[in-house]
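The residues making up each chain are set out below.
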Amino acid sequence: MSVAAPFPRAVSAITLMAWAEVAKPGDRLVYHTGFLVVDTADTVSKLPRCRLDGLRATADAAYRLCDLGRVHLVQERIGTDCFCYIAIARPKPRLPRSASIARLLEAA
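A short tour of the structure in this document, coming up.

On to the packing of aromatic side chains. Two aromatic rings are characterised by how far apart their centres lie and by the angle between their planes. Taken as a whole, this structure holds three aromatic pairs when the rule is applied. Taken together, the ring pairs connect Tyr 31, Phe 35, Phe 83 and Tyr 85 into an aromatic cluster.

Moving on, we come to the side chain of Thr 58. Residue position: Thr 58 is located in helix H3 (residues 49-67). Take Thr 58: its relative accessible area is 0%, and that puts it in the buried class. Within polar-contact distance, the side chain of Thr 58 engages the backbone nitrogen of Ala 13 at 3.2 Å. Leaving out residues up to four positions away in the same chain, Thr 58 has contacts with Val 11, Ser 12, Ala 13, Leu 16 and Tyr 31.

Residue pairs spaced three or four apart in an α-helix point in one direction, given the helix's 3.6 residues per turn. Taking 1.5 Å per residue, 19 residues should reach 27 Å; H3 reaches 27 Å between its end C-alpha atoms and fits that length. All of the buried residues along H3 are Leu 52, Leu 55, Thr 58, Ala 59, Ala 61, Ala 62 and Leu 65. Tucked inside the fold, the buried residues of H3 contact helix H1 (13-22), strand E2 (28-34), helix H2 (36-39) and strand E3 (71-79). Taken from the residues just after H3, Gly 69 is the one with a positive phi, measuring 80°.

Criteria and cut-off values
Residues numbered from 1 in each chain as written. Predicted model: local features only at pLDDT ≥ 70, side-chain atom pairs only at ≥ 80, totals over all residues. Heavy atoms only, no water. Phe/Tyr/Trp six-rings, centres within 6.5 Å; stacked < 30°, edge-to-face > 60°. Helix = DSSP H or I, 4+ residues; strand = E, 2+ residues; numbered from the N terminus. Buried < 20%, exposed > 50% of the residue type's maximum accessible area, 1.4 Å probe, protein only. Polar contact = N/O pair within 3.5 Å; in protein donor to acceptor, adjacent residues only side chain to side chain. Contact = heavy atoms within 4.5 Å. Expected span 1.5 Å × (residues − 1).

Keep in mind these values describe shape, not function.
As structure tokens, this is what we get:
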């Protein structure tokens, strides 16, 4: 299993989605370190607007990938109010085959 080290810079939504396309089952990517609910809240986040919007897009992408069954999302506590948010690649879903394609493959 390969592990992508935590990035000192923010992981973009595009980077996360691209990683999910090429990751092998079990590969891990730390896509945020901090306290996600606080770091994405307008009223308490200390991030500049451009980083705040980017983090929200990354979090949304992570949840979409999870909903699609592409990744597991876990968090690991690394200190008081500080977590590593980790995406773990799942096996790629198999595309459903139509009955006609299944018959053609059986005949081949």
